[in-house]
Amino acid sequence: MFLCAFAKVFLLWVSTLGEAKAPVPPTVEPGAKDFGGGTSDTPGHGAWMQEVGHSKPVEVLTGLPDWQTFYQDYVRANRPVVLKNAAQTQKAFSKWTDEYLLDLWRKRRVDVEIKKVEERGGPTVQWPFEKFLREMYKVERKDELYAVIGFEDDAQALADVALPQPARCQEVWPQSATLWMSNGGTMSVLHNDDGENFLMLLDGTKSVMLVHQDDAPNIYAHIAKVRGTSPVRQDFVDLVMFPRFGNITWLHGEIGPGDILFIPHTYWHQVNSKGRNLALNIWWSHEADWRWWDLNQYDATQFGTSKLPSFNEFKSKASKSVKCTPLPSHQTLAEGKLVDEGQTKEIIRKKRAKADSSQHRTHLQSRR
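## Some words on the overall build of the protein
Line of reasoning, step 1. Looking only at helices and strands, the protein features 8 helices and 11 strands.
Line of reasoning, step 2. The globule rule puts the C-alpha radius of gyration for 368 residues at 21 Å, and the 22 Å found for the protein is close to it.
Line of reasoning, step 3. Taken along the three principal axes of its C-alpha coordinates, the protein extends 70 × 60 × 35 Å.
Line of reasoning, step 4. Here the protein holds 368 residues, and the buried ones make up 52% of them.
Line of reasoning, step 5. Within the protein, counting contacts between residues at least 6 apart in sequence, those at least 24 apart form 84% of the total.
Line of reasoning, step 6. Accessible surface, the protein: about 17,200 Å² in total, of which carbon and sulfur atoms supply 52%.
Line of reasoning, step 7. Taking the 45 positively charged and 45 negatively charged side chains of the protein as two groups, their mean positions are separated by 4 Å.

Here it is, written out as structure tokens:
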């Protein structure tokens, strides 16, 4: 997938105008001022996002750690990691062919993004799955169509998906289950999520850019029109408008069929896909997350500024060890309970309020 020559020349021309008068980019919140000041001759200007900055490879594990190792070394430590071949045990890995999915969802209406270069709030349609599948492979659609299918309400589909090792714990709460499907060529925006994330690839390949939470000021998250995203275009990095972006250091992950990428809570990520692309993701939390996730202070756009400590320090308040009662070996998401993001946050607020009240009473008693 590529920008046509005319479009790229046009974007370069527009960006040079920005050196003089810095018009507000359409992805920036109206009234924002913290942008501009760069030059069009800066190396990386106009490049794809994953061609800019300084990248290092993400860690890859060929064997699965146990829960405590995974929790301490990756979840609590805020470290992304690729778990090679760990999704191959999912029933969906071998079952979810186009034919199987057509039988499963033929008439179901699914959300389809028209543009493969994602725009939050961009054009979408709702089509029967059979129409999406038919249109997806047409040559004239090569730069279009990306289905995002939440299937939390589908017991048959949930029966093909399970919490993966090493997080098969009764205390781990899956929030949602989503299928991302295209014939390749998609480019997501740079964004983050309010949850730990297992990205499980069933088919195709994905190249993933992972940016630490403390780089929020350098990706201009605080002035994005759509909260939880960066206003920097993933297919044309404008270093006139966003010069700090050129100096970020990021982790690069490559995953193929059967691999899982663990993306820590709030970690910024941008994903490019190739080939028939079928990916599952499960956002999740642990019942003890209330100990570190202070929702009264938490603001993903402010890590890396004087307003909040570093994210690693913020998350270090998590317990050094948390409980994991193993799930039955064959339990899938169909037999478990999903605790969505809203419910998770409400539980966390109540637990923190109860703990704060108890601490306050103890403090008063100690002063008597």
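## Description of the packing of helix α4 (residues 98-105) against helix α5 (residues 129-136)
Angle between the axes and distance between the axes: these two values describe a pair of packed helices.
Line of reasoning, step 1. Where α4 contacts α5, the axes come no closer than 9 Å and their chain directions differ by 155°. It follows from the interaxial angle that α4 and α5 lie roughly antiparallel. Two secondary-structure elements touch here, α4 through Asp 98, Leu 101, Leu 102 and Trp 105 and α5 through Phe 129, Glu 130 and Leu 133.

## Overview of the UniProt feature "domain: JmjC" (unreviewed entry) in the protein
Line of reasoning, step 1. Feature annotation in UniProt places "domain: JmjC" (unreviewed entry) on residues 152-299, given in this structure's numbering.
Line of reasoning, step 2. Helix makes up 3% of residues 152-299 and strand makes up 39%, while its end C-alpha atoms are separated by 28 Å.

## Some words on the state of the cysteines
Line of reasoning, step 1. Considering all chains together, one arrives at 1 disulfide under this definition.
Line of reasoning, step 2. Between the sulfur atoms of Cys 169 and its disulfide partner Cys 324 the distance amounts to 2.0 Å. Looking along the S-S bond of the Cys 169-Cys 324 disulfide, the torsion reads about -85°, which is the left-handed sense. Of this pair, Cys 169 sits in the loop between α6 (155-158) and β7 (172-182) while Cys 324 sits in the loop between α7 (311-315) and α8 (341-366), and the two are 155 residues apart along the sequence.
Line of reasoning, step 3. Accessibility expressed as a relative area gives 25% for Cys 324, which makes it partly exposed.

## Some thoughts on the confidence of the model for the protein
Line of reasoning, step 1. Here the protein averages 93 in pLDDT, and 91% of its residues register 70 or above.
Line of reasoning, step 2. Throughout residues 1-6 the model reports pLDDT below 50, and contacts reaching past four residues in sequence, or to other chains, amount to 12 contacts.

## Description of the nonpolar core
Line of reasoning, step 1. Ranked by internal contacts, the top residues of the largest apolar core, which has 62 residues, are Trp 96, Trp 105, Phe 132 and Phe 151.
Line of reasoning, step 2. Ranked by residue count, the leading element in this core is helix α2 (residues 67-75), at 5 residues.
Line of reasoning, step 3. If we skip the residues at most four places from it in the chain, Phe 132 touches Val 110, Val 112, Trp 127, Leu 145, Tyr 146, Ala 147 and Met 181.
Line of reasoning, step 4. Counting 23 residues, the second-largest nonpolar core is a separate cluster that includes Val 28, Phe 35, Ala 221 and Met 241.

## Observations concerning unusual backbone geometry
Line of reasoning, step 1. The omega torsion across Gln 165 and Pro 166 is 15°, close enough to zero to call that bond cis.
Line of reasoning, step 2. Mapped onto the elements of the fold, Pro 166 is located in the loop between α6 and β7.
Line of reasoning, step 3. Despite not being glycine, Asn 78 shows a phi value in the positive range, around 65°.
Line of reasoning, step 4. By secondary structure assignment, the location of Asn 78 is in the loop between α2 and β3 (81-83).
Line of reasoning, step 5. With phi around 75°, Thr 266 is a residue other than glycine that occupies positive phi space.

## Considerations on the packing of aromatic side chains
Line of reasoning, step 1. Scanning the entire structure with this criterion turns up 25 aromatic pairs.
Line of reasoning, step 2. Both rings, one in Phe 198 and one in Trp 284, keep their centres 5.2 Å apart while their planes meet at 20°; by these two values the pair is stacked. One end of the pair, Phe 198, is in strand β8 (residues 196-211); the other, Trp 284, is in strand β11 (residues 268-286), and 86 residues separate them in sequence.
Line of reasoning, step 3. Each ring, one from Phe 303 and one from Phe 311, has its centre 5.0 Å from the other, and the planes form 80°; the classification is edge-to-face.
Line of reasoning, step 4. The buried category is assigned to Phe 311, whose relative accessible area is 0%.
Line of reasoning, step 5. Taken together through their ring pairs, the aromatic side chains of Trp 67, Phe 70, Tyr 71, Tyr 74, Phe 198, Phe 262 and Trp 284 make up a single cluster.

## As for α2
Line of reasoning, step 1. All of the buried residues along α2 are Trp 67, Phe 70, Tyr 71, Tyr 74 and Val 75. The buried side chains of α2 occupy one side of the element, clustering within an arc of 110° when seen end-on.

## A few points about the pairing of β11
Line of reasoning, step 1. Burial analysis of β11 places 16 of its 19 residues in the buried class, which makes it a mostly covered element.
Line of reasoning, step 2. Sheet topology places β7 next to β11; 10 bridges connect them, and they run antiparallel. Bridge pairing in β11 places Val 172 opposite His 286.
Line of reasoning, step 3. Here β8 runs beside β11; their pairing, made up of 14 bridges, is antiparallel. Within the sheet, the bridge partner assigned to Ser 207 lies in β11 and is Asn 272.

## Thoughts on α4
Line of reasoning, step 1. Among the residues of α4, those classed as buried are Asp 98, Leu 101, Leu 104 and Trp 105. One side of α4 holds all its buried residues, which, seen down the axis, span an arc of 125°. Away from the buried face of α4 by more than 90 degrees, exposed residues Glu 99 and Asp 103 are located.
Line of reasoning, step 2. For α4, the elements touching its buried residues are α5, β6 (144-150), α6, β7 and β11.

## A closer look at the side chain of Thr 266
Line of reasoning, step 1. Looking at where Thr 266 falls in the secondary structure, it is placed in the loop between β10 (260-263) and β11.
Line of reasoning, step 2. In this view, Thr 266 contacts Asn 192, Asp 193, Gly 195, Gln 213, Tyr 298, Ala 300 and Phe 311; residues no more than four positions away in its chain are not counted.

Calculation criteria
- Residues numbered from 1 in each chain as written.
- Predicted model: local features only at pLDDT ≥ 70, side-chain atom pairs only at ≥ 80, totals over all residues.
- Heavy atoms only, no water.
- Helix = DSSP H or I, 4+ residues; strand = E, 2+ residues; numbered from the N terminus.
- Rg over C-alpha atoms; globule rule 2.2 N^0.38 Å.
- Buried < 20%, exposed > 50% of the residue type's maximum accessible area, 1.4 Å probe, protein only.
- Contact = heavy atoms within 4.5 Å.
- Areas by Shrake-Rupley, 256 points an atom, 1.4 Å probe, with all protein chains shown as cover.
- Lys, Arg positive; Asp, Glu negative; His and termini not counted.
- Charge placed at Lys NZ, Arg CZ, Asp CG, Glu CD.
- Axes fitted to C-alpha atoms, helices over the stretch in contact; angles between N-to-C directions.
- Parallel < 35°, antiparallel > 145°, perpendicular 65-115°, else oblique.
- UniProt positions renumbered as here; feature names shortened; annotations may be inferred.
- Disulfide = S-S within 2.5 Å.
- pLDDT = per-residue confidence, 0-100.
- Core = buried A, V, L, I, M, F, W, Y, C linked by side-chain atoms within 4.5 Å.
- Phe/Tyr/Trp six-rings, centres within 6.5 Å; stacked < 30°, edge-to-face > 60°.
- Arc of directions from axis to C-beta.
- Pairing = 2+ DSSP bridges.

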